[in-house]
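As a plain string of letters, each chain reads:
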Amino acid sequence: MDSLELCAGAGGQALGLERAGFEHRALVEIDSHACATLRHNRPQWDIREGDLTAFNAESFRGIDLVAGGVPCPPFSKAGKQLGSQDERDLFPQAIRVVDESRPKAVMLENVRGLLDPMFKDYREKISLQLQALGYWTDWHLFNAADFGVCQLRPRVIFVALQRDIAPHFRWPAPSMTLPPTVGELLGDLMAERHWQGAADWQQGANNIAPTLVGGSKKHGGPDLGPTRARQAWAALGVNGSSLADHAPDPDFIGMPRLTVRMCARIQGFPDDWHFVGKKTPSYRQVGNAFPPPVAHAVGKRIAQAIEAAAANGIKEPVCYTVIPSPHEEIIKLINKSVNRIR
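The structure presented is a predicted model; accordingly, all values stated were derived computationally and were not measured.

Reading the values: the criteria
Residues numbered from 1 in each chain as written. Predicted model: local features only at pLDDT ≥ 70, side-chain atom pairs only at ≥ 80, totals over all residues. Heavy atoms only, no water. Helix = DSSP H or I, 4+ residues; strand = E, 2+ residues; numbered from the N terminus. Buried < 20%, exposed > 50% of the residue type's maximum accessible area, 1.4 Å probe, protein only. Contact = heavy atoms within 4.5 Å. Areas by Shrake-Rupley, 256 points an atom, 1.4 Å probe, with all protein chains shown as cover. Pairing = 2+ DSSP bridges. Axes fitted to C-alpha atoms, helices over the stretch in contact; angles between N-to-C directions. Core = buried A, V, L, I, M, F, W, Y, C linked by side-chain atoms within 4.5 Å. Parallel < 35°, antiparallel > 145°, perpendicular 65-115°, else oblique. Nonpolar A, V, L, I, M, F, W, Y, C, P; charged D, E, K, R; others polar. Salt bridge = Lys/Arg side-chain N within 4 Å of Asp/Glu carboxyl O. Phe/Tyr/Trp six-rings, centres within 6.5 Å; stacked < 30°, edge-to-face > 60°. Lys NZ or Arg CZ within 6 Å of the ring centre and 35° of its normal.

## Focus on the overall build of the chain
Part 1 of the argument: Summing up its helical and strand segments, the chain has 11 helices and seven strands in all.
Part 2 of the argument: A buried classification covers 50% of the 342 residues belonging to the chain.
Part 3 of the argument: For the chain, contacts bridging at least 24 residues in sequence account for 68% of all contacts bridging at least 6.
Part 4 of the argument: For the chain, the exposed surface amounts to about 16,500 Å²; the carbon and sulfur share of it is 53%.

Here it is, written out as structure tokens:
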């Protein structure tokens, strides 16, 4: 199956979807450092460096999957949560791409804040627009730790499927295996320069990591987040005020800092995935990424649904009349019953 990736970043989602069986026909990304990272790791991928607003997807009509991680600042609790009023809101552009390409499936991820009550109308608007194009839609909240990622990282995933495919789709279930602790995950990297305190540090770093924060270009150098996040890192024996260029020296004393490679492993990237650029742009690519294991889990279910529909003789996509969600009908019935009781 083939896919088109929007706002691809450093390739976290693309890597997960690759593992799920998708071949990327093109990846759209505006950041030059992220594009360099994608080209370095996958020279065969077609990287379209530029603004999504200038990208035309008509040549990709009928593609299996359109996926992407549209910018999260419009919905992040760390920002002003301006939603559609934020110039960085690219959901409308993603919907335009879907309209132009009419894929079998759509997968878009964003931050937990998008599920806040203040964005209820915005979510419904997105759903209705895709339903009008003939898709079944749903929103789901996942935590990366449920899929083996050593990080408390909630992410919202929006899926839209052609209605012939939707009956075959099931959201992935959380793994029954606990993720490794920070100490277990990073012990070898902390000790690679023969730091004498590595073993004790590993024993003390006995929990998963808080959410990595990539920040924006308006932000300063790389760090592990605001005060509360740094306090959480300190409880794990990590100095979150900045990042280190390398692991601690043999005689280092104090709380060590993380390197970009350590952060990438926490995010679920394999060690052979190289990030191009100096420390600040490299860490920003890592911190803003979608953990590959989560993208793999959801992408695999989408792939299975497409395959199942194909086995049942899927036809060309058609437009459907928008029908209210069954959940909405249930809510209406409940409200009527409550009014009668009153």
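## Comments concerning the sheet that holds strand S1 (residues 2–6)
Part 1 of the argument: Taken in spatial order, the seven strands make up an open sheet running S3-S2-S1-S4-S5-S7-S6, and their pairing is mixed. The outermost strands of the open sheet, each flanked by one partner alone, are strand S3 (47–49) and strand S6 (135–143). The mean inter-strand angle of the sheet, taken between neighbouring strand axes irrespective of direction, is 15°.
Part 2 of the argument: Sheet strands in contact with helix H2 (residues 32–41) are strand S2 (23–29) and S3, and its direction is about 165° off that of S3.
Part 3 of the argument: Most of the contacts of helix H3 (residues 91–101) go to strand S5 (residues 105–111), to which it runs at about 170°, and overall it touches S1, strand S4 (65–68), S5 and S6.

## Some details on the pairing of S5
Part 1 of the argument: Burial analysis of S5 places seven of its seven residues in the buried class, which makes it a mostly covered element.
Part 2 of the argument: Bridge count between S4 and S5: four bridges; the pairing is parallel. Along S5, the bridge assignment pairs Gly 68 with Leu 108.
Part 3 of the argument: Here S5 pairs with strand S7 (residues 154–162) via seven bridges, running antiparallel. Across the sheet, residue Glu 109 finds its bridge partner in S7, namely Ile 157.

## Quick look at helix H9 (residues 279–287)
Part 1 of the argument: With seven of nine residues buried, H9 is to be regarded as a mostly interior element.
Part 2 of the argument: The complete set of buried residues in H9 reads Pro 281, Ser 282, Tyr 283, Arg 284, Gln 285, Val 286 and Gly 287.
Part 3 of the argument: Of the surrounding elements, those touching the buried residues of H9 are H2 and helix H8 (260–266).

## Things to note about the nonpolar core
Nonpolar side chains tend to gather and get buried jointly when the protein is soluble and globular.
Part 1 of the argument: In terms of nonpolar packing, the biggest core is built from 39 residues, with Leu 186, Leu 224, Trp 233 and Leu 258 touching the most fellow members.
Part 2 of the argument: If you list the elements that add at least two residues to this core, you get helix H1 (12–19), H2, helix H5 (182–190), helix H6 (198–204), H8 and H9.

## Quick word on unusual backbone geometry
Part 1 of the argument: At Cys 7, a residue that is not glycine, the phi angle is positive and equals roughly 50°.
Part 2 of the argument: The topology assignment puts Cys 7 in the loop between S1 and H1.
Part 3 of the argument: Not every positive phi belongs to a glycine, and Arg 102 is a case in point at roughly 45°.
Part 4 of the argument: The topology assignment puts Arg 102 in the loop between H3 and S5.

## Some remarks on the packing of H3 against helix H4 (residues 120–132)
Part 1 of the argument: At a minimum axis distance of 11 Å, the contact between H3 and H4 shows a crossing angle of 10°. What the angle tells us is that H3 and H4 run roughly parallel. For the pair formed by H3 and H4, the contact residues are Phe 91, Pro 92, Ile 95 and Val 98 on the first element and Tyr 122, Ile 126, Gln 129 and Leu 130 on the second.
Part 2 of the argument: Across the contact of H3 with H4, the residue classes tally to seven nonpolar, one polar and no charged.

## Re the environment of Leu 224
Part 1 of the argument: Here Leu 224 lies in the loop between H6 and helix H7 (227–235).
Part 2 of the argument: Assessed through its relative accessible area of 0%, Leu 224 is described here as buried.
Part 3 of the argument: Along the primary structure Leu 224 and Gly 287 are separated by 63 residues, whereas in three dimensions their C-alpha atoms are 8.9 Å apart.
Part 4 of the argument: Leaving out residues up to four positions away in the same chain, Leu 224 has contacts with Leu 212, Ala 229, Trp 233, Val 238, Asn 239, Gly 240, Leu 243, Leu 258, Cys 263 and Tyr 283.

## What to know about the pattern of salt bridges
Part 1 of the argument: Within this structure, the stated rule accounts for 15 salt bridges.
Part 2 of the argument: Salt-bridge contacts for Arg 96 lead to Glu 100; the nearest nitrogen and oxygen are separated by 3.0 Å. You can see Arg 96 and its partner Glu 100 sitting in helix H3, four residues apart, about one turn around the helix.
Part 3 of the argument: Arg 96 gets classed as partly exposed once you look at its relative accessible area, which sits at 22%.
Part 4 of the argument: One salt-bridge network, in which partners are shared between bridges, spans Asp 188, Arg 265 and Asp 271.

## Quick word on the packing of aromatic side chains
Part 1 of the argument: In the structure shown here, the tally under the stated rule is 12 aromatic pairs.
Part 2 of the argument: On the basis of an interplanar angle of 75° and a centroid distance of 6.1 Å, the ring pair of Phe 91 and Tyr 122 is categorised as edge-to-face. Here Tyr 122 lies in helix H4 and Phe 91 lies in helix H3, a separation of 31 residues in the sequence. Like Phe 91, the residue Tyr 122 is buried in the burial classification.
Part 3 of the argument: Among the aromatic residues, those joined into a ring-pair cluster are Trp 136, Phe 142, Phe 147, Phe 169 and Trp 171.
Part 4 of the argument: Just above the ring of Trp 45 sits the side chain of Arg 42; from NZ or CZ to the centre is 5.7 Å.

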